[in-house]
Amino acid sequence: MKRLTSALITLVFYLVSFPFPIVAQETASEIIAKMQEQQRGQSSYINMTMKVIRPDWTRTMQMKSWSKGTDDFFLVLVTSPAKDKGSSSLKRYKEMWSWTPSIERTIKISPSMMSQAWMGSDFTNDDLMKGASVVKDYSHKLLGKETVHGLECYKIEMIPHEDAAVVWGKVLVWVTTDGIYNQIKVENYDEDMYLVNTLNCFDVKEMGGRTMPTRMEMVPADEEGKKTVMIYNEAKYNQKINENFFTQQNMKRVR
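Please read all numbers here as calculations on a predicted model, not as lab measurements. (Residues numbered from 1 in each chain as written. Predicted model: local features only at pLDDT ≥ 70, side-chain atom pairs only at ≥ 80, totals over all residues. Heavy atoms only, no water.)

1. Observations regarding the pairing of strand β10 (residues 183-189)
Okay, so step 1: Counting buried residues in β10 gives seven out of seven residues, a clear majority hidden from the surface.
Okay, so step 2: Relative to β10, strand β9 (residues 170-176) is paired through six bridges, and the arrangement is antiparallel. Across the sheet, residue W174 finds its bridge partner in β10, namely K185.
Okay, so step 3: What sits between β9 and β10 in their antiparallel hairpin is a turn of six residues, with G179 showing a positive phi close to 90°.
Okay, so step 4: Pairing between β10 and strand β11 (residues 195-207): five bridges, direction antiparallel. Among the inter-strand pairings, V186 is bridged to a residue of β11, identified as L199.
Okay, so step 5: Between β10 and β11, which pair antiparallel and follow one another directly, the connecting turn spans five residues, one of which, M193, has a positive phi of 65°. (Buried < 20%, exposed > 50% of the residue type's maximum accessible area, 1.4 Å probe, protein only. Helix = DSSP H or I, 4+ residues; strand = E, 2+ residues; numbered from the N terminus. Pairing = 2+ DSSP bridges.)

Right, dumping it as structure tokens:
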């Protein structure tokens, strides 16, 4: 009886002290990995509109993009306006190329070119082509939680590894805490820790079987009146796509 009483006291003490199951807290790296999977899945197809906005003019482009794997294969194609139609950019593992049909020329994108603007926009080659892996090329630190655009988010600091060929000296990322892991805001800093640009993500809605932001705005720091807006028109994820789709030959003929 004494043993039974002692066991009951121990059980009651445990239930009072630990009324709910203990859940291991996610690490910053796990959150970033889930964010990347939410953005791209095992494969993706996106039909989108890009608007480059300047104080005295606006330029609009229609584009399509395909990806396979988390950061191995990526292809983006401009479908309009007519003067840029057929221009494409390709990433295959760590190598990248751009194709300009008007001059029938393929250019290999070197690491030094990754920080350059893509097609005159506020997105860099690295931003659009995902040249760096946010999972493999950075260390991650959870700084806490903040509300951004009305959504509670994890705030995560990403610092590049010394041997990583990346554009930024530091990146701050805000990822939703709702279990969907949507990227809501990004701040990119140079090697001197000066803010270069900020990406804000809006209009969260269902698309391609996922709930996700469908409008992204890249705003350069200290350049008033300038920004580039990316709007998703259609999205498909985890569709079957062969690695042979991502070749220099195909980037010239894909439609």
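Having seen the structure, we can now continue with the description.
2. Here we look at the packing of aromatic side chains
Okay, so step 1: The full count for this structure, using the stated rule, is five aromatic pairs.
Okay, so step 2: Geometrically, the ring pair formed by Y45 and W66 is tilted, given 5.7 Å between the ring centres and 50° between the ring planes. Here Y45, found in strand β1 (residues 43-54), pairs with W66, found in strand β2 (residues 57-68); they are 21 residues apart in sequence, far enough to count as distant. The same class applies to Y45 and to W66, which are both buried.
Okay, so step 3: A network of ring pairs unites the aromatic residues Y45, W66, F73, Y93, F245 and F246 as a single cluster. (Phe/Tyr/Trp six-rings, centres within 6.5 Å; stacked < 30°, edge-to-face > 60°.)

3. Quick look at helix α2 (residues 28-40)
Okay, so step 1: With 13 residues, α2 ought to run about 18 Å at 1.5 Å a step, and its terminal C-alpha atoms sit 19 Å apart, in line with that.
Okay, so step 2: Among the residues of α2, those classed as buried are A28, I31, I32, M35, Q36, Q38 and R40.
Okay, so step 3: Directly beyond the C-terminal end of α2, a positive phi value near 65° is found at G41. (Expected span 1.5 Å × (residues − 1).)

4. Some remarks on the confidence of the model for the protein
Parts of the prediction with low pLDDT should not have their coordinates interpreted in detail.
Okay, so step 1: Overall, the predicted model of the protein reaches an average pLDDT of 88, with 89% of residues at or above 70.
Okay, so step 2: Confidence over residues 7-23 falls short of pLDDT 50; this stretch has zero contacts with residues more than four positions distant or in other chains. (pLDDT = per-residue confidence, 0-100. Contact = heavy atoms within 4.5 Å.)

5. Structural notes on the pairing of β2
Okay, so step 1: Judged from the twelve bridges that link them, β1 and β2 form a sheet pairing that is antiparallel. Looking at β2, one finds that V52 is bridged to R59.
Okay, so step 2: Linking two consecutive strands that pair antiparallel, namely β1 and β2, is a turn of two residues.
Okay, so step 3: When β2 meets strand β3 (residues 73-80), the two strands line up antiparallel, connected through seven bridges.

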